[in-house]
Amino acid sequence: MAEVRLKCSCGIVQGVAHDISPNSGTRLVCYCDDCQAFARFLKREDVTDAHGGTDIFQTTHSRIQITDGAEQLRCLKLRPKGLFRWYTECCKTPIANTVSSGVPFVGMIHNFMDDDGVRDSVLGPVRGYIQGKFAKETLPAKWRGARFPLRIVMRSLCKLLAWKVQGLHKPSPFFDASGNPVGKLCILDSDVNRPQSPSA
Ligand SMILES: [Zn+2]
Ligand SMILES: [Zn+2]
């Protein structure tokens, strides 16, 4: 198990991800329109790859520790029932996506992980490409059609259940003891910042 340093682009917000290994979580690339809209909202389109994908590592709240600059945490929802999407106010670095305080999942976004050069060895390979129907057409066709490949869904569900049983949704750097998000929460009027979805 490795510890991965966490750091925003300007260095004000820092932290550590504990107990990280290829088997302790799931690395995937998400092409969904919401992840792309989040990067656009932050004016950080450098977050997405050439096909519009975001490299994410699914881990738990309990493994994430913010050591510096927690007052810079901000949270965005693209719609009232959407994910809590976390970023830093200082330099608009995307941090992670979370479902809620009771769900252990934290989708850590690659920009916040200080793992250049060792990402593949520490997190393992990308295990799946999801929501490929929103990807740019440059994405190879074999990934473009996929929404949620079954193998990834099963792996994520198994981990989610195990993590919940182990109580790994707490402690959380993102939610207080009452389950309220820390930092300022902004809910966007959904369609303003969203890209055109390809016709389904
Ligand atoms: Zn910063
Ligand atoms: Zn996404």
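As recorded in an unreviewed UniProt entry, the chain goes by the name DUF6151 family protein, listed as coming from Candidatus Haliotispira prima.

*Asks:* Which parts of the structure should I look at to understand the pattern of salt bridges?
*Replies:* Counting across every chain of the model gives nine salt bridges. The shortest N-O distance in the salt bridge between Asp 114 and Arg 5 comes to 3.2 Å. Placement of the pair is Asp 114 in the loop between strand E9 (105-109) and helix H2 (119-123) and Arg 5 in strand E1 (residues 2-7), with a sequence separation of 109 residues. Measuring nitrogen to oxygen at the nearest pair gives 2.7 Å for the salt bridge that ties Asp 120 to Arg 27. In this pair, Asp 120 sits in helix H2 while Arg 27 sits in strand E3 (residues 26-30), placing the two residues 93 residues apart along the sequence. Here Asp 120 falls in the exposed class, since its relative accessible area comes to 54%. Overall, the relative accessible area of 7% leaves Arg 27 in the buried class. When salt bridges that share partners are traced, they join Arg 27, Asp 55, Asp 115, Arg 119 and Asp 120 into one network.

*Asks:* Could you clarify how one ought to interpret the environment of Phe 134 in this entry?
*Replies:* In this fold, Phe 134 is placed in the loop between strand E10 (128-130) and helix H3 (141-144). The class for Phe 134 is buried, based on a relative accessible area of 14%. Put simply, Phe 134 and Gly 53 are 81 residues apart on the chain and 9.0 Å apart in space, counted from C-alpha to C-alpha.

*Asks:* Help me understand the coordination of the zinc ion (ligand 2), please; the structure alone is not making it clear to me.
*Replies:* When four donors bind a metal tetrahedrally, each ideal donor-metal-donor angle is 109.5 degrees, and when six bind octahedrally, the ideal angles are 90 or 180 degrees. Surrounding the zinc ion (ligand 2) are the protein donor atoms Cys 30 (SG), Cys 32 (SG) and Cys 35 (SG), which sit 2.1 to 2.3 Å from the metal. Mapping the donors of the zinc ion (ligand 2) onto the primary sequence yields the spacing C-x1-C-x2-C. Taking the relative accessible area as the measure of exposure, Cys 32 reaches 8% and is therefore buried.

*Asks:* Hey, could you run me through the confidence of the model for the chain in this one?
*Replies:* In low-pLDDT segments, the atomic positions of the prediction should not be examined closely. Predicted confidence across the chain gives a mean pLDDT of 91, with 93% of residues reaching 70 or more. Contacts of residues 195-200 to residues separated by more than four positions or lying in other chains number eight contacts, the stretch itself having pLDDT below 50.

*Asks:* Can you help me understand the nonpolar core in this one?
*Replies:* The nonpolar side chains of a soluble globular protein tend to be buried, and buried together. Counting residues in hydrophobic clusters, the biggest one holds 24 residues, and the most contacted among them are Met 108, Phe 112 and Phe 174. Broken down by secondary-structure element, the contributors of at least two residues to this core are E1, strand E2 (14-20), strand E5 (64-68), strand E6 (73-77), strand E7 (84-88), strand E8 (94-98), E9 and H2. Counting 18 residues, the second-largest nonpolar core is a separate cluster that includes Ala 39, Ile 56, Leu 78 and Phe 134.

*Asks:* Any chance you could explain the coordination of the zinc ion (ligand 1) here in plain terms?
*Replies:* Within the protein, the zinc ion (ligand 1) binds to Cys 8 (SG), Cys 10 (SG), Cys 90 (SG) and Cys 91 (SG); these donor distances fall in the range 2.3 to 2.4 Å. Each of the four donor atoms around the zinc ion (ligand 1) contributes to a set of angles spanning 106 to 117 degrees, which defines the coordination as tetrahedral. Each donor residue of the zinc ion (ligand 1) belongs to the same chain, with the gaps between them written as C-x1-C-x79-C-C. On the basis of relative accessible area, Cys 90 is assigned to the partly exposed category, the value being 28%.

*Asks:* Is there a simple way to explain the sheet that holds E1 in this structure?
*Replies:* Sheet strands pair via backbone hydrogen bonds, and the direction of the pair is either parallel or antiparallel. Pairing in this open sheet of three strands is antiparallel, and the strands run E1-E2-E5 from one edge to the other. Because the sheet does not close on itself, it has two edges, and the strands there are E1 and E5. For this sheet the average axis-to-axis angle between neighbouring strands, irrespective of direction, equals 25 degrees. When E1 meets E2, the two strands line up antiparallel, connected through five bridges. Pairing of Lys 7 across the sheet is with Gln 14, part of E2.

*Asks:* Just to check I follow, could you spell out the packing of aromatic side chains for this structure?
*Replies:* Any pair of aromatic rings gets described here by the distance separating the centres and the angle formed by the planes. Evaluated as defined, the whole model comprises seven aromatic pairs. Centre to centre, the rings of Phe 84 and Phe 175 are 5.1 Å apart; their planes meet at 90 degrees, and the pair counts as edge-to-face. A residue pair is termed long-range when its members are at least 10 positions apart, and Phe 84 in strand E7 and Phe 175 in the loop between helix H4 (150-165) and strand E11 (184-187) qualify at 91 residues. Residues Phe 84 and Phe 175 agree in their burial class; the two are buried. Ring pairing ties together the aromatic residues Phe 84, Trp 86, Phe 174 and Phe 175, which thus form one cluster. Taking NZ or CZ as reference, Lys 77 lies 4.2 Å from the ring centre of Phe 84, over its face.

Basis of the calculations
- Along each chain, the written sequence defines residue order, and numbers are assigned to residues from 1.
- Each chain gets a letter, beginning with A, and each ligand a number, beginning with 1, in the order they are written.
- Thresholds applied to this predicted model are a pLDDT of at least 70 for local features of residues and 80 or more for the giving and counting of side-chain atom pairs; totals over whole chains, interfaces and linings are not thresholded and use all residues.
- To obtain the side-chain values, all non-hydrogen atoms of the structure were included, while hydrogens and water were left out.
- Here, a salt bridge means any Lys or Arg side-chain nitrogen found within 4 Å of an Asp or Glu carboxyl oxygen.
- Going along the chain from the N terminus, every DSSP run of H or I of four or more residues is numbered as a helix, and every run of E of two or more is numbered as a strand.
- Three exposure classes are used, based on accessible area relative to the maximum for each residue type with a 1.4 Å probe and protein chains only: buried under 20%, partly exposed in between, and exposed over 50%.
- A 2.8 Å cut-off from the metal defines N, O and S donors, relaxed to 3.2 Å for Na, K and Ca; water is not in the atom list, so some sites may appear incomplete.
- The predictor attaches a confidence to each residue, and that confidence, scored 0 to 100, is pLDDT.
- We call two residues contacting when some pair of their heavy atoms lies within 4.5 Å.
- Note on terminology: a nonpolar core comprises buried Ala, Val, Leu, Ile, Met, Phe, Trp, Tyr and Cys residues joined through side-chain atoms within 4.5 Å.
- Metal sites are grouped by the angles between bound donors: all angles between 85 and 135 degrees with four donors is tetrahedral, opposite donors over 155 degrees apart with the others between 65 and 115 is square planar for four donors and octahedral for six, and any other pattern is irregular.
- By definition, two strands form a pair when at least two bridges between them are found by DSSP.
- A fitted line through C-alpha atoms serves as each axis, taken over the contacting stretch for helices, and the angle formed by two N-to-C directions is quoted from 0 to 180°.
- Centres within 6.5 Å are what make two rings of Phe, Tyr or Trp a pair, Trp counting through its six-membered ring; a difference in plane orientation under 30 degrees is then read as stacked, over 60 as edge-to-face, and the rest as tilted.
- Two conditions define a charge located above a ring, namely a distance within 6 Å from the ring centre to NZ of Lys or CZ of Arg, and an angle within 35 degrees of the ring normal.

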